[in-house]
Amino acid sequence: MLTEHVLVIQLNRSDDVVIACQDVPAGTVLDEYGLTVRDAVPAGHKIALRSITSGQPVRRYDQIIGFASEPIAAGQHVHVHNLRVQFSNVITPSVRTPSQPGTFNRVQPSAESSVLMGG
Amino acid sequence: VLTTVNCSATVAKRISEAFTGDALREYPNVDGVVAITHTTGCGMDINGEGMEVLRRTLSGYARHVNFCGILMIGLGCEVNQAEDLFSTQNLPRGPLLSSITIQESGGTVGAIRRGVERIREMLPMANEATRRTVAAANLTIGLQCGGSDSYSGITANPALGAAVDLLVSHGGTAILSETPEIYGAEHLLTRRAASPDIGEKLISRIRWWEEYTERERGEMNNNPSPGNKAGGLTTILEKSLGAVAKGGTTNLVDVFKYAEPVTTKGLVFMDTPGYDPVSATGQVAGGANLICFTTGRGSVYGCKPAPSLKLATSSRLYQQMADDMDINCGEILDGNASIQELGQRIFQLILETASGRKSRSEAHGFGAEEFVPWMLGAVM
């Protein structure tokens, strides 16, 4: 069976961007996201899902990957021309080692038990 | 068959070669006899960091649960003396863990003869090991990525992360490594640390790297390369996140030095270089039973005694190097599977491989050349 290749992928539901899985031409309509792509975006690159004002954080993997260096419109290509990270502003000593223990995603023991045949 | 020093590598290989062909026919539960050799062990400071790391690595292999018996071959006059190795690492001598030296065996022919005899004595004991059902909580896997491409952070790494979340939820352990590859985004891991002490342990290893590279007159500049940028990576945070995605989303529960025994269950970090065979050698010495290796350009890595599964980032690679790839994470790009579904499949393949199913690299016989202990300090 031939399957239609997906155009873009969203790595986390909270992300501000989707990733192009192949070269996406300008004007492509992404129905799933209610979005028209404004620029030609190469495979592996990012497309803004919503408008982002200058200075606002941009998230991928639900993590901040940088800040908009100019206003970004929904559907625009997001890359070095409009996304920056001022490292010293992000990685302060307190960010490097937070004083509070992490509560990232405490995993509960699984109810089902998987087994293997060990030697 | 392990070696204390490069000088005993050939003897170790000759001993293992005596057990090829029909030699193991009476011992169906023995997978094989392998010589695992290296290029160092002498011409080095006996009290230096390099010796400490080498001995920790050899000790980790000597204790590894995927081996039944170990014979350590020395030359006799090397800096890394077998006696000192066994005593400093508290390695218990016995019928399944012993050593000989070439100089005390009357030379090469005598050492090979003695070595073959020792292994013959081990075989009936090794053959008593049979497979039985155990919980997945007993598994420790090492996470690797090599020959990355722009899809690594979209398909194979997040899919492996989803598998790691499943393994951790079953009580198992996964080792994330390659410190230089997370440099500049360490806060993303310390934020997930189960306690501030664990975060501090990671930062102290990063400070060590800063001092080390300064000493070697290098730089830890991990900014996206022109190739990374062409592939769509804009910032250092994004690049490191792609590598860290292999570790899934659970808490970081401990940080270990290179080749240190991994004693905490859950997602842990081990400080290693980014160079894949060196990194994986540290993980296996730490107790990894299995390696999961994501690759975009097409790695052919394999390891003994830990099977290595190769996870292709695209269908194109999976088809091009079909006999080296174990699973196709490119299906995420093709729209045939979600990251979660691939994670489930990887987890299932991990269990099957741990149960004896052969990985591609095992079928090719990889693993004897991939033991590469981290070399630190001056060669003298």
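What counts and what doesn't
Residues numbered from 1 in each chain as written. Chains lettered and ligands numbered in written order. Predicted model: local features only at pLDDT ≥ 70, side-chain atom pairs only at ≥ 80, totals over all residues. Heavy atoms only, no water. Helix = DSSP H or I, 4+ residues; strand = E, 2+ residues; numbered from the N terminus. Buried < 20%, exposed > 50% of the residue type's maximum accessible area, 1.4 Å probe, protein only. Contact = heavy atoms within 4.5 Å. Pairing = 2+ DSSP bridges. Expected span 1.5 Å × (residues − 1). Salt bridge = Lys/Arg side-chain N within 4 Å of Asp/Glu carboxyl O. pLDDT = per-residue confidence, 0-100. Core = buried A, V, L, I, M, F, W, Y, C linked by side-chain atoms within 4.5 Å. Phe/Tyr/Trp six-rings, centres within 6.5 Å; stacked < 30°, edge-to-face > 60°. Axes fitted to C-alpha atoms, helices over the stretch in contact; angles between N-to-C directions. Right-handed = clockwise from strand over helix to strand, strands pointing away.

1. So, the overall build of chain A
Here's step 1: When its secondary structure is counted, chain A shows 2 helices and 10 strands.
Here's step 2: Element order for chain A, N to C, with α for helix and β for strand: β-β-β-β-β-β-β-β-β-α-α-β.
Here's step 3: The buried share of chain A, reckoned over its 119 residues, is 39%.
Here's step 4: The long-range share in chain A, meaning contacts at least 24 apart out of those at least 6 apart in sequence, stands at 42%.

2. Examining the sheet that holds strand E5 (residues 46-48) of chain A
Residue and element names in this part refer to chain A.
Here's step 1: Reading across the sheet, the 4 strands line up as E1-E2-E5-E8 and stay open at both edges, with antiparallel pairing between neighbours. Two strands in the sheet have a free side with no partner beyond their single neighbour: strand E1 (8-9) and strand E8 (77-78).
Here's step 2: Inspection of the sheet shows E1 paired to strand E2 (residues 17-20) by 2 bridges, in the antiparallel sense. Opposite Val8, over in E2, you have Ala20 as the bridge partner.

3. Looking at helix H5 (residues 156-169) of chain B
Here's step 1: The end-to-end C-alpha distance of H5(B) is 20 Å, a good match for the 20 Å that 14 residues give at a rise of 1.5 Å each.
Here's step 2: Of all the 14 residues making up H5(B), 14 are buried; the element is thus mostly covered by neighbouring parts of the structure.

4. Describing the pattern of salt bridges
Here's step 1: Overall, the coordinates contain 13 salt bridges over all chains when judged by the stated rule.
Here's step 2: Asp16(A) is paired through a salt bridge with Arg50(A); the nearest N and O atoms lie 3.1 Å apart. Taken together, the residues span a long stretch of sequence, with Asp16(A) in the loop between E1 and E2 and Arg50(A) in the loop between E5 and strand E6 (57-60) at a distance of 34 residues.
Here's step 3: Here Asp16(A) falls in the buried class, since its relative accessible area comes to 10%.
Here's step 4: For Arg50(A), a relative accessible area of 37% gives the class partly exposed.
Here's step 5: The shortest N-O distance in the salt bridge between Arg207(B) and Glu200(B) comes to 3.5 Å.
Here's step 6: Given the relative accessible area of 33%, Glu200(B) is considered partly exposed.
Here's step 7: Among the charged side chains, a network of salt bridges with common partners joins Lys46(A), Arg60(A) and Glu238(B).

5. Section: the confidence of the model for chain A
Residues and elements named next belong to chain A.
Here's step 1: Put simply, chain A has an average pLDDT of 80, and 71% of its residues get 70 or more.
Here's step 2: The weakest mean pLDDT in chain A belongs to helix H1 (residues 87-90) at 54; the strongest belongs to E8 at 98.
Here's step 3: When the criterion is pLDDT under 50, residues 101-109 qualifies, and its contacts beyond four places in sequence or with other chains add up to 25 contacts.

6. A closer look at the environment of Phe293(B)
Residues and elements named next belong to chain B.
Here's step 1: By the element assignment, Phe293 lies in strand E9 (residues 290-295).
Here's step 2: Given the relative accessible area of 1%, Phe293 is considered buried.
Here's step 3: Taking the C-alpha atoms as reference, Phe293 lies 4.9 Å from Lys310; in sequence the two are 17 residues apart.
Here's step 4: Setting aside anything within four residues of it in sequence, one finds Phe293 in contact with Gln144, Cys145, Gly146, Asp276, Ser299, Tyr301, Ser308, Leu309, Lys310 and Leu311.

7. Here's the deal with helix H8 (residues 196-215) of chain B
Three- or four-residue spacings in an α-helix give side chains the same orientation, since the helix completes a turn every 3.6 residues.
Residues and elements named next belong to chain B.
Here's step 1: End to end, H8 covers 29 Å across 20 residues, agreeing with the expected 28 Å (1.5 Å per residue, within 8%).
Here's step 2: Buried residues of H8: Ile198, Gly199, Leu202, Ile203, Arg205, Ile206, Trp208, Trp209, Tyr212 and Thr213, and no others.
Here's step 3: Arg217, located one to two residues past H8, shows a positive phi value of around 60°.

8. So, the nonpolar core
Residues and elements named next belong to chain B.
Here's step 1: By size, the foremost hydrophobic cluster in this structure holds 105 residues, and its most contacted members are Ile141, Ile346 and Trp374.
Here's step 2: A total of 9 residues in this core trace back to one element, the largest contributor, which is H5.
Here's step 3: Beyond its immediate chain neighbours, meaning those up to four positions away, Ile346 contacts Ala159, Leu160, Ala163, Leu311, Ile327 and Cys329.

9. Focus on the packing of aromatic side chains
For any two aromatic rings, the description comes down to two numbers: the centre-to-centre distance and the angle of the planes.
All names here are of chain B.
Here's step 1: Under the definition given, this model contains 9 aromatic pairs over all chains.
Here's step 2: Aromatic side chains Tyr61 and Phe371 sit 4.5 Å apart centroid to centroid with 65° between the ring planes, which places their arrangement in the edge-to-face category. One end of the pair, Tyr61, is in helix H2 (residues 49-62); the other, Phe371, is in the segment after helix H15 (360-364), with 310 residues separating them in the sequence. In this structure, Tyr61 and Phe371 share a single accessibility class: buried.

10. Remarks on the sheet that holds strand E2 (residues 70-74) of chain B
Residues and elements named next belong to chain B.
Here's step 1: With parallel pairing, 3 strands are arranged side by side in an open sheet as E1-E2-E3. On the outer flanks of this sheet lie strand E1 (2-3) and strand E3 (97-101), each paired with one strand and no other.
Here's step 2: Against the sheet, helix H4 (residues 108-127) touches E2 and E3, its axis set at about 170° to E3.

11. Digging into the pairing of strand E10 (residues 308-312) of chain B
All names here are of chain B.
Here's step 1: In terms of burial, E10 is a largely internal element, 5 of the 5 residues being buried.
Here's step 2: Burial along E10 is two-sided: Ser308, Lys310 and Ala312 facing one way and Leu309 and Leu311 facing the other are all buried.
Here's step 3: Across 5 bridges, the pairing between E9 and E10 is parallel. Paired with Phe293 across the two strands is Lys310, which belongs to E10.
Here's step 4: Here 2 bridges tie E10 to strand E11 (residues 327-328), and the two strands are oriented parallel to one another. Bridge pairing in E11 links Leu311 to Ile327.
Here's step 5: Note on the crossover from E10 through helix H12 (residues 315-320) to E11: the handedness is right-handed.

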